[in-house]
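Observations on the model geometry
If you want the building blocks of each chain, they are given just below.
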Amino acid sequence: MERRASWFNVTSVTLGLAFLYLPIVLVVIFSFNASRLVTVWGGFSTKWYASLLENDALLDAAWVTLRVALISATVATVLGTLAAIALVRYGSFRGRTLFSGMIYAPLVMPDVITGLSLLLLFVAVGIDRGFWTIVLAHVTLAMCYVTVVVQSRLITFDRSVEEAALDLGCPPFKTFFVVTLPLIAPAVVAGWMLAFTLSLDDLVIASFTTGPGATTLPMKIYSQVRLGVTPEINAICTILIGLVTVGVIGASIFTKRREVERQRAERLAAANP
Amino acid sequence: MVAAVGSVRRSFAPWNDPASKPFIEFRGVTKRFADFVAVDDLSLVIYEREFFALLGPSGCGKTTLMRMVAGFEEPTEGAVLLDGQDLAGVPPYRRPTNMMFQSYALFPHMSVEQNIAFGLRQDRTPKGEIAERVEEMLNLVKLKPFARRKPHQLSGGQRQRVALARSLAKKPKVLLLDEPLGALDKKLREETQFELIDLQQKLGLTFLIVTHDQEEAMTVADRIAVMNHGKVIQVATPAEIYEQPNSRYVADFIGNVNLIQGRVSASATGATRIEAPGTGAVIELDQAIDAKVGDQVWFAIRPEKVRISLDAPLPGSPNALSGEVWDIGYLGDVSIYHVRLASGATVTATVTNQSRVVERPITWEDKVWLTWSRNGGVVLAK
Ligand SMILES: Nc1ncnc2c1ncn2[C@@H]1O[C@H](COP(=O)(O)OP(=O)(O)OP(=O)(O)O)[C@@H](O)[C@H]1O
Ligand SMILES: [Mg+2]
């Protein structure tokens, strides 16, 4: 029996989607606005995209942001995964409670405090602030998220699978790479994506820990918006939205295709038992 | 083939030969988890090419014992030796043992083929040989059509067979099988049991198997160790375990048994008399026992060794009890008679159904006599 959508369901879906996507749609629409005034439609145009290409400051900021996000997400994923393994696997080592408490602290710490304390640290140690201090700060921030995600996967992990690998002659280090890692990969990838987006949209911590010459996109947009939103910002936002959308769609097509392949293999195997 | 295996097995008894060297040896092994004692000062010797079964109730330490051979647990006290070498400190991946896990522990991200090939690949076996061996294993466990499936696309029994094939693929010196056939249906299980025996004979490997199924242990094993609470109660061949259990625990654990409590009233070389005032029976048997006159003992007799009859034996003859048929269980091949004695105790007797009985000569509430021969049962002091 197929159930007809009631007007109530239709309305709630429409309202929900509108609530989520209306702001984004507005940004996209106004990025094609010929008028310089953000709130007045002046006809269709792609000129802001052309002028974006000449706006080196904005492009630089985008490039810095991307690099910071890639590097910090990767480092945070490695460190966070290792921390998760230590917490789950080495049951009760000395200082475990302290360690796990400290791992979770950045989760609940307000960004302003994290940023400020990192700034104080960098000043005290005397590191030149800039690109690498932002990376370090983002690693600190994102690592605990990765740890939480990977840890929850490891807790449900059947250790006898690793034991089976050892039993068959595979040394522990190799076992980690050929058995453990492939099995926790979805959690590790999820952790990486979380770290990447955290870094991508961080404004507060980056502002605290940056130095001359390293401006991230959120910082740039924020400082420009204070002078008024320019359609160029809408344009670069649209490009970012486009990239993210392509990424998400690509990932879902990839998983869908693997699912289809799996089902085909099952049908084939069932056909000739 | 089967005959050959039988004749080889009949003459195989290294445990009776003082010159034979132990292959796996547990020397006073104790394993504690916090303050729980899982294995308790256990000593046990297993010989090369032996098919050895561990039997015992759940939680008695069977898996723990195996894990100490495989290297996943170290004994708290004592030592495990393989071929004369103390295994202490040797990591699992350097031990010539392979284990089939109770939970199968298949690699979920690898196909059946890749699972089976995994161990061979660790040894850098040449590609062609790996393919050959995988093929052989797939045929053995009848999983050829499923070679490319992932474990989650298999049924429980199929997964179990993959686990078996994977642990066999390297032809390890010692194969540890933890409940290897539990998920198989009866027919496939019996087939696989015989294939295991065949394989073990052909390859000359040492198998250590854990099972809950006593019939399985009796079928496959050269010797059986009956365990309880982390201790070995008896180690013997299946026939000895069944016919000469050393304690009430073993007699009761393996098969069905009638236990009659009594006191030794006379003991001579080669003959013993026991009086069981509770049941009014006088038991005589051609067997010398450890117990002295006056000691409390139990007389154990299997139901199939008890004869049931409507006619009274000669007055005063030993090894006879009278009672009333309380219940009859019809199992097709045999019928089980539960006979209630005057004392209230119940004794069971099984009778093979040799003709298609419609009307039983002996039926409910009949007064019957139970008798047995002088070497039908055993006396247990423990
Ligand atoms: N890692 C562990 N920590 C604490 N106790 C354990 C551990 N492993 C096993 N035990 C305990 O040791 C005892 C023996 O366990 P084991 O797994 O050897 O039993 P088993 O004889 O294999 O039982 P089953 O037939 O149910 O598989 C059990 O009571 C179990 O709870
Ligand atoms: Mg077990």
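Further remarks concern the overall build of chain A. If you tally the helices and strands in chain A, you get eleven helices and zero strands. Going residue by residue from the N terminus, the α and β elements of chain A occur as α-α-α-α-α-α-α-α-α-α-α. Across chain A, every contact between residues at least 6 apart in sequence was considered, and the portion connecting residues at least 24 apart equals 69%. Of the roughly 16300 Å² of accessible surface on chain A, 71% is carried by carbon and sulfur atoms. Taken as two groups, the 20 positive and 16 negative side-chain charges of chain A have centres that lie 4 Å from each other.

Looking only at helices and strands, chain B features nine helices and 20 strands. Projected onto its principal axes, the C-alpha positions of chain B cover 80 × 50 × 40 Å. Burial analysis of chain B (382 residues in total) assigns 49% to the buried set. Contacts spanning at least 24 positions in sequence make up 66% of the contacts within chain B whose residues lie at least 6 apart. Taken as a whole, chain B presents about 18200 Å² of accessible surface, with 50% of it coming from carbon and sulfur. On chain B, the mean spot of the 45 positive side-chain charges and the mean spot of the 45 negative ones are 6 Å from each other.

Time to look at the domain arrangement of chain B. By convention, interface size is frequently given as the accessible area that disappears when the constituent parts associate. All names here are of chain B. Parsing chain B into structural domains produces domain 1 (6–96 + 172–248) and domain 2 (256–380). Here the C-alpha centre of domain 2 lies 34 Å away from the C-alpha centre of domain 1. Contacts between domain 1 and domain 2 engage eight residues on the former and seven residues on the latter. Overall, the association of domain 1 and domain 2 removes approximately 680 Å² of surface from exposure, summing both partners, and the carbon and sulfur fraction of that is 58%. Along the contact surface separating domain 1 from domain 2 lie one salt bridge. A salt bridge links Glu-243 to Lys-305; its shortest N-O distance comes to 2.9 Å. On the surface where domain 1 and domain 2 come into contact, there are three residue pairs in polar contact (both at pLDDT 80 or more). The greatest single-element share of the side of domain 1 that touches domain 2, amounting to three residues, is contributed by helix 8 (residues 238–243).

Where nonpolar side chains cluster on the molecular surface, the patch consists of A:Val13, A:Leu17, A:Phe19, A:Leu20, A:Tyr21, A:Leu22, A:Ile24, A:Val25, A:Leu26, A:Ile29, A:Trp41 and A:Phe44 and spans about 1300 Å² of accessible area. Here A:Phe19 shows up in helix 1 (residues 7–31).

Moving on: the interface of chain B and chain A. In this complex, chain B contributes 25 residues to the contact, which on the side of chain A involves 24 residues. Contact between chain B and chain A buries roughly 2100 Å² in total, counting both sides, with carbon and sulfur atoms accounting for 63%. Contact with chain A buries surface across chain B, with B:Tyr93, B:His109 and B:Gln122 losing the most and accounting together for 26% of the total. At the surface where chain B touches chain A, the tally comes to one salt bridge. Notably, a salt bridge pairs A:Glu163 with B:Arg67, separated by 2.8 Å at the nearest N-O pair. Applying the counting criterion to the chain B and chain A interface returns eight residue pairs in polar contact (both at pLDDT 80 or more). Put simply, the parts of the chain that give the side of chain B that touches chain A at least two residues each are helix 2 (62–70), strand 6 (97–100) and helix 3 (112–122) of chain B. For the side of chain B that touches chain A, the per-class residue count stands at 13 nonpolar, eight polar and four charged.

What follows concerns the coordination of the magnesium ion (ligand 2). All names here are of chain B. Within the protein, Thr-63 (OG1) and Gln-102 (OE1) serve as the donor atoms for the magnesium ion (ligand 2), at 1.8 to 2.5 Å. With a gap of 39 residues between them, Thr-63 in helix 2 and Gln-102 in the loop between strand 6 and helix 3 connect regions that are remote in the sequence. Since its relative accessible area comes to 26%, Thr-63 is described here as partly exposed.

Further remarks concern the packing of helix 3 (residues 56–89) of chain A against helix 10 (residues 217–225) of chain A. All names here are of chain A. Relative orientation of the contacting elements helix 3 and helix 10 amounts to 145°, with a least axis distance of 7 Å. Contacts from Ala-57, Leu-58, Ala-61, Ala-62 and Thr-65 of helix 3 reach helix 10 at Leu-217, Pro-218, Lys-220 and Gln-224. Across the contact of helix 3 with helix 10, the residue classes tally to six nonpolar, two polar and one charged.

Our focus in this paragraph is the nonpolar core. Formed by 63 residues in total, the largest nonpolar core has its most connected members in B:Phe26, B:Leu54 and B:Phe107. Residue contributions to this core peak at eight residues, all from helix 6 (residues 131–155) of chain A. With residues near it in sequence (within four places) discarded, B:Phe107 still touches A:Val161, A:Ala164, A:Ala165, A:Leu168, A:Val179, B:Asn115, B:Phe118, B:Pro151 and B:Arg166. In this structure, B:Leu164, B:Ala165, B:Ile209 and B:Ile224 belong to the second largest nonpolar core, which totals 46 residues.

Moving on, we get to the sheet that holds strand 19 (residues 367–371) of chain B. Residue and element names in this part refer to chain B. Spatially, five strands are ordered 15-19-16-17-18 in an open sheet, and the strand pairing comes out antiparallel. Strands at the two margins of the open sheet, each flanked by one partner only, are strand 15 (307–309) and strand 18 (346–352). The mean angle between the axes of side-by-side strands here comes to 45°, regardless of whether they run parallel or antiparallel. Across three bridges, the pairing between strand 15 and strand 19 is antiparallel. Looking at the pairing, Arg-307 lines up with Thr-371 of strand 19.

Let us look at the site of ligand 1. All names here are of chain B. In the neighbourhood of ligand 1, the contacting residues comprise Phe-33, Phe-36, Ala-38, Ser-58, Gly-59, Cys-60, Gly-61, Lys-62, Thr-63, Thr-64, Gln-102 and His-212. Interatomic distance of 2.6 Å between a side-chain N/O atom of Thr-64 and an oxygen atom of ligand 1. In the environment of ligand 1, an oxygen atom lies 3.1 Å from a nitrogen or oxygen atom belonging to the side chain of His-212. Protein burial of ligand 1: of its 630 Å² of free accessible surface, 63% is covered by the chains. Counting only elements with at least two residues in the shell around ligand 1, the list comes to strand 2 (36–47) and helix 2. A per-element tally of the shell around ligand 1 places helix 2 first, with three residues. Residues belonging to the shell around ligand 1 are distributed by class as follows: four nonpolar, seven polar and one charged.

Residues and elements named next belong to chain A. Viewed as axis vectors pointing N to C, helix 2 (residues 47–54) and helix 3 meet at an angle of 80°, and their least axial separation amounts to 5 Å. Here helix 3 runs roughly perpendicular to helix 2, going by the angle between their axes. Mapping the contact onto sequence places Leu-52, Leu-53 and Glu-54 in helix 2 and Asp-56, Leu-58 and Leu-59 in helix 3. A class-by-class count of the residues in the contact of helix 2 with helix 3 yields four nonpolar, no polar and two charged.

With that settled, the discussion passes to the pattern of salt bridges. Residues and elements named next belong to chain B. One pass over the structure, following the stated rule, counts 26 salt bridges over all chains. Here Arg-223 and Glu-50 are joined by a salt bridge, their closest N and O atoms 2.5 Å apart. Pair noted here: Arg-223 is in strand 9 (residues 223–228) and Glu-50 is in the loop between strand 2 and strand 3 (51–55), with a separation of 173 residues, a long-range link. Glu-50 shares its class with Arg-223; the two are buried. In this structure, the salt-bridge partner of Arg-67 is Glu-73, at a minimum N-O distance of 3.2 Å. Owing to a relative accessible area of 16%, Arg-67 belongs among the buried residues under this scheme.

The rules behind these values
Residues numbered from 1 in each chain as written. Chains lettered and ligands numbered in written order. Predicted model: local features only at pLDDT ≥ 70, side-chain atom pairs only at ≥ 80, totals over all residues. Heavy atoms only, no water. Helix = DSSP H or I, 4+ residues; strand = E, 2+ residues; numbered from the N terminus. Contact = heavy atoms within 4.5 Å. Areas by Shrake-Rupley, 256 points an atom, 1.4 Å probe, with all protein chains shown as cover. Lys, Arg positive; Asp, Glu negative; His and termini not counted. Charge placed at Lys NZ, Arg CZ, Asp CG, Glu CD. Buried < 20%, exposed > 50% of the residue type's maximum accessible area, 1.4 Å probe, protein only. Domains from an automatic or database assignment. Buried area = accessible area lost by both parts, 1.4 Å probe. Salt bridge = Lys/Arg side-chain N within 4 Å of Asp/Glu carboxyl O. Polar contact = N/O pair within 3.5 Å; in protein donor to acceptor, adjacent residues only side chain to side chain. Patch = residues over 30% accessible without salt bridge, like charges linked within 9 Å, V, L, I, M, F, W, Y side chains within 5 Å. Nonpolar A, V, L, I, M, F, W, Y, C, P; charged D, E, K, R; others polar. Donors = N, O, S within 2.8 Å, 3.2 Å for Na, K, Ca; no water. Axes fitted to C-alpha atoms, helices over the stretch in contact; angles between N-to-C directions. Core = buried A, V, L, I, M, F, W, Y, C linked by side-chain atoms within 4.5 Å. Pairing = 2+ DSSP bridges. Near = heavy atom within 4 Å. Parallel < 35°, antiparallel > 145°, perpendicular 65-115°, else oblique.

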